[in-house]
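# Reading the structure
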Amino acid sequence: MGEPSTTSVTDATSALDATSATDATSATDATSALEDGAVIHTRALTKRYRGGQLAVDGLDLTVPAGSVFGFLGPNGSGKTTTIRMLMGLIAPTSGAARVLGQPMPRASRTVLPHVGALIEGPALYGFLSGRENLTRYDAADPTADPRTRRSRVEAALERVGLAAAAGKKAKAYSLGMKQRLGLAAALLQPRRLLVLDEPTNGLDPQGMREIRALIRELAAEGTTVFLSSHLLDEIEQVCTHAAVMAQGRLITQGTVSDLAAGTRGRLVVTTPDAAEAARVLKERGVGDVVVTDDGRVTGEAPDGELADLTAALVEMGVRVRGFGVERASLEDAFVALTGEGFDVAG
Ligand SMILES: Nc1ncnc2c1ncn2[C@@H]1O[C@H](COP(=O)(O)OP(=O)(O)OP(=O)(O)O)[C@@H](O)[C@H]1O
């Protein structure tokens with residue numbers, strides 16, 4: 001990870017009417033029903049860096065309001081570049097991005113006050129305490145009310161579990177504490193959207209759990225959360241929706257359960273009579289029957305009634321110790337989609 005920097009939201013002048021999620025220009029577009037409810041929407045969004053690197057290639061992304069949206073892909077797949085375009089930090093080479101219904105980067109000044117962002121780790125003054133960092137950060141935001149500053153800073157510290165350590169200098173903070181302080185900065189004002197780039201990167205399991213719990217809490221209060229991650233497991237645990245990127249291109253997007261359901265689970269029979277069980281399953285039309293080294297018999301999950309299969313096994317004298325369908329994971333879905341494992345260096 002490079003030198004930390006935070007993208008903040010400081011220079012807005014006018015508030016965005018919560019009801020005007022689409023502006024006049026989009027009314028003339030052929031907007032789909034999906035786009036209407038979208039907090040983020042991109043069309044053919046493309047970024048080619050000056051060196052010629054095509055980092056993001058024709059991205060069509062739709063992030064529904066109220067979702068916890070996981071933006072998933074191995075290192076170098078274009079996640080950070082996409083986030084930087086969404087936040088108006090870099091201009092796309094071609095294509096369009098709308099955030100809260102407004103075109104980016106053009107509407108940055110009206111959109112960004114409603115967006116809390118944590119990108120590439122928080123920028124902190126090591127010689128200031130956590131509390132002082134937040135106070136200073138808030139003071140630099142012209143949309144922030146100085147009269148409520150103290151209470152908002154304390155509430156944000158409380159929220160991320162840093163109240164007890166608020167007086168310590170930030171340079172003495174662990175990586176996890178720094179990350180939480182960055183989140184606190186994003187939470188100093190109510191936000192409609194939170195954009196978090198690898199929010200649990202470098203955290204220990206306990207720190208990860210805390211951040212995930214916080215994300216769930218914020219989502220329950222109605223904030224849409226868009227987070228990038230290269231950890232499939234993390235996306236499965238916290239996200240309602242996900243998009244999968246590889247080499248700058250979108251491979252798939254949808255609800256996490258639909259993505260995993262797109263891949264069938266495996267039927268698993270645990271039995272001391274493996275050979276006989278395999279024969280019965282094949283006879284009953286189960287595909288890809290395999291006897292594993294540990295004596296289990298697996299096969300493609302059937303469309304029909306599972307009870308008929310157990311009845312057939314029992315009828316043929318197969319002793320069944322365990323019987324069920326193992327749910328496909330997002331990882332299975334990824335492997336099925338790309339033909340590759342999701343094996344990335346953390
Ligand atoms: N400023 C830049 N100039 C040139 N190429 C860049 C620049 N920033 C990123 N790239 C390249 O663009 C591609 C996508 O990078 P990006 O950082 O968006 O991916 P990522 O999915 O966020 O990966 P990571 O998790 O490692 O940050 C990579 O090949 C990267 O080397």
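Note that the structure is predicted; figures quoted are calculated from it, not measured.

Okay, the site of the ligand next. Taken together, 13 residues sit near the ligand, with Tyr49, Ala55, Asn75, Thr80 and Thr81 positioned nearest. Residue composition of the shell around the ligand, grouped by class: 2 nonpolar, 10 polar and 1 charged.

As a further point, take the confidence of the model for the protein chain. Across the protein chain, the average pLDDT comes to 82, with 82% of residues at or above 70. Scored below 50 in pLDDT, residues 1–34 makes 60 contacts in the model with residues more than four places away or belonging to other chains. Per the prediction output, this complex has pTM 0.74; the corresponding ipTM is 0.96.

Bringing the sheet that holds strand β14 (residues 322–326) into the picture now. Taken in spatial order, the 4 strands make up an open sheet running β12-β13-β11-β14, and their pairing is antiparallel. Each having just a single partner strand, β12 (290–291) and β14 make up the two edges of the open sheet. Note that strand β11 (residues 266–270) and strand β13 (residues 296–300) share 5 bridges and pair antiparallel. What sits directly across from leucine 267, in β13, is glycine 299.

Angle between the axes and distance between the axes are the two parameters that describe a pair of packed helices. Closest axis-to-axis distance for the helix α5 (residues 130–139)/helix α7 (residues 175–186) pair is 10 Å, and the angle between their directions is 30 degrees. Of the possible angle classes, the one that applies to α5 and α7 is roughly parallel. Where α5 crosses over α7, the two elements pack in a sense that is right-handed. Seen from α5, the contacting residues are Gly130, Asn133, Leu134 and Tyr137; seen from α7, they are Leu181, Ala184 and Ala185. Partitioning the contact of α5 with α7 into residue classes produces 5 nonpolar, 2 polar and no charged.

It is worth spelling out α7 at this point. Counting along an α-helix, one turn takes 3.6 residues, and residues three or four places apart therefore face a common direction. The terminal C-alpha atoms of α7 lie 17 Å apart, and with 12 residues this matches the ideal 16 Å at 1.5 Å per residue to within 8%. Among the 12 residues in α7, 10 count as buried, and that is most of the element. Looking at α7, one finds that the buried residues are Met177, Lys178, Gln179, Arg180, Leu181, Gly182, Leu183, Ala184, Ala185 and Ala186. Next to the buried residues of α7 lie β6 (115–118), α5, α6 (149–159), β7 (193–197) and α8 (205–220).

This paragraph deals with the domain arrangement of the protein chain. Here the protein chain is described as being made up of domain 1 (24–256) and domain 2 (266–327). Centre-to-centre separation of domain 1 and domain 2, based on C-alpha positions: 46 Å.

Here we come to unusual backbone geometry. Backbone geometry follows two general trends: most residues other than glycine have a negative phi, and most peptide bonds adopt the trans configuration. In this model, methionine 104 is joined to proline 105 through a cis peptide bond whose omega is 5 degrees. Locating proline 105 in the fold gives a position in the loop between β5 (102–104) and α4 (108–111). With a phi close to 50 degrees, aspartate 288 is a non-glycine residue in the positive phi region. Relative to the assigned elements, aspartate 288 resides in the loop between α11 (274–283) and β12.

Here 2 bridges tie β12 to β13, and the two strands are oriented antiparallel to one another. Bridged to valine 290 within β13 is threonine 298. Adjacent in sequence and paired antiparallel, β12 and β13 are bridged by 4 residues, among which glycine 295 carries a positive phi angle near 85 degrees.

Criteria and thresholds
Residue indices follow the written sequence of each chain, beginning from 1 at its first position. Totals for whole chains, interfaces and linings use all residues, but because this is a predicted model, local features are given only for residues with pLDDT of at least 70 and pairs of side-chain atoms are given and counted only at 80 or more. Proximity of a residue to a molecule or strand is defined by its backbone-placed C-beta atom lying within 6 Å of that partner. By the convention adopted, Pro, Cys, Tyr, Trp, Phe, Met, Ile, Leu, Val and Ala count as nonpolar, Lys, Arg, Asp and Glu as charged, and the other residues, Gly among them, as polar. Per-residue confidence from the predictor is reported as pLDDT, which spans 0 to 100. By the convention adopted here, residues make contact when the C-beta atoms placed from their backbones lie within 7 Å. For two strands to count as paired, DSSP must find a minimum of two bridges between them. Each helix is a run of H or I in the DSSP string that is no shorter than four residues. Each strand is a run of E no shorter than two, and both are numbered from the N terminus. Angles shown run from 0 to 180 degrees and are taken between the N-to-C directions of axes, each axis being a line fitted to C-alpha atoms and, for helices, limited to the stretch in contact. Just so you know how the angles are binned, under 35 degrees is roughly parallel, over 145 roughly antiparallel, 65 to 115 roughly perpendicular, and the rest oblique. Each helix crossing is assigned a hand: it is left-handed if the near helix lies turned anticlockwise from the far helix by less than a right angle, otherwise right-handed if that turn is clockwise. Multiplying 1.5 Å by the residue count of a helix minus one yields the expected span of that helix. Buried, partly exposed and exposed are defined by the number of other C-beta atoms within 10 Å of a residue's own C-beta, namely 20 or more, between the two limits, and 12 or fewer respectively, with C-beta atoms placed from the backbone. The domain boundaries here were taken from an automatic or database domain assignment.

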